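Remarks on the overall topology
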Amino acid sequence: GINAEYGARDCIFHLHRRNMPLIETDLLHPDPKDEKRKHKKKRLVQSPNSYFMDVKCPGCFQITTVFSHAQTVVVCASCSTPLCQPTGGIVRLTENCSFRPKLD
């Protein structure tokens, strides 16, 4: 029988392997949208959700560097206009403030 051809351990392995479902996704080349949605530690390559950004003041057009998850109100150095409000996550920019993420 089955036990004569294979050992007991091999028999269990072959039966288990036959019932395994096939994976529909490519694990080496995941979809970037799916990767962005995952937790920062569960991605294929771990990467933080935070970043630094240049924020342009709507009054004097001076550019200030702001952390994306800042925990304090950031004000413009020259005209003291508040640029962003902390929310507990990503900051909320004030109206008419434009920004761009800083790249390495």
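The coordinates are above.
Residues numbered from 1 in each chain as written. Predicted model: local features only at pLDDT ≥ 70, side-chain atom pairs only at ≥ 80, totals over all residues. Heavy atoms only, no water.

In this section: the sheet that holds strand β2 (residues 63-67). Pairing is antiparallel in the open sheet, where 3 strands are placed in the order β2-β1-β6. Each of the sheet's edge strands pairs with one partner strand only, and the pair in question is β2 and β6 (98-101). Adjacent strand axes in the sheet meet at a mean angle of 30° when their direction is disregarded. The pairing of strand β1 (residues 52-56) with β2 spans 5 bridges and is antiparallel. Within β2, the position partnered with Met-53 by the bridge is Val-66. (Pairing = 2+ DSSP bridges. Helix = DSSP H or I, 4+ residues; strand = E, 2+ residues; numbered from the N terminus. Axes fitted to C-alpha atoms, helices over the stretch in contact; angles between N-to-C directions.)

Take the state of the cysteines next. Two cysteines joined by a covalent bond between their sulfur atoms form a disulfide. Scanning all chains against the criterion turns up 0 disulfides. Cysteine Cys-60 remains unbridged, with the sulfur of Cys-76 as its closest cysteine sulfur at 3.5 Å. Of the residues examined, Cys-60 reaches a relative accessible area of 32% and is grouped as partly exposed. Between Cys-84, a cysteine without a disulfide, and Cys-97, which holds the nearest cysteine sulfur, the sulfur-to-sulfur distance is 8.0 Å. Classification of Cys-84 as buried rests on a relative accessible area of 0%. (Disulfide = S-S within 2.5 Å. Buried < 20%, exposed > 50% of the residue type's maximum accessible area, 1.4 Å probe, protein only.)

Our focus in this paragraph is the packing of aromatic side chains. On inspection of all chains with the given rule, the structure shows 1 aromatic pair. Where Phe-52 meets Phe-67, the ring centres are 5.1 Å apart and the plane angle is 55°; that geometry is what we call tilted. Separated by 15 residues along the polypeptide, Phe-52 in strand β1 and Phe-67 in strand β2 bring together distant segments of the chain. (Phe/Tyr/Trp six-rings, centres within 6.5 Å; stacked < 30°, edge-to-face > 60°.)

Before going further, it helps to spend a moment on unusual backbone geometry. Notably, Phe-61 is not glycine yet its phi reads approximately 65°, a positive angle. Within the secondary structure, Phe-61 sits in the loop between β1 and β2. Judged by relative accessible area, Phe-61 falls into the exposed class, the value being 58%. Residue Ser-80 is not a glycine yet carries a positive backbone phi of 60°. Position of Ser-80 relative to the elements: it lies in the loop between β3 (74-75) and β4 (82-85). Residue classification places Ser-80 among the exposed residues on the basis of a relative accessible area of 54%.

Within the open sheet, the 3 strands sit side by side as β3-β4-β5. Their pairing is antiparallel. Edge positions in the open sheet fall to β3 and β5 (92-93), since each of these has one partner strand only.

Right, let's talk about the pairing of β4 for a bit. Alignment of β3 against β4, held across 2 bridges, turns out to be antiparallel. In the strand pairing of β4, Val-74 is matched with Cys-84. Between β3 and the antiparallel strand that follows it, β4, lie 6 residues; Ser-80 among them carries a positive phi value of about 60°. Where β4 lies against β5, 2 bridges are found, and the strand directions are antiparallel. For Cys-84, the partnering residue across the bridge sits in β5 and is Leu-93. Between β4 and β5, which follow one another and run antiparallel, lie 6 residues, and Gly-88 among them has a positive phi close to 100°.

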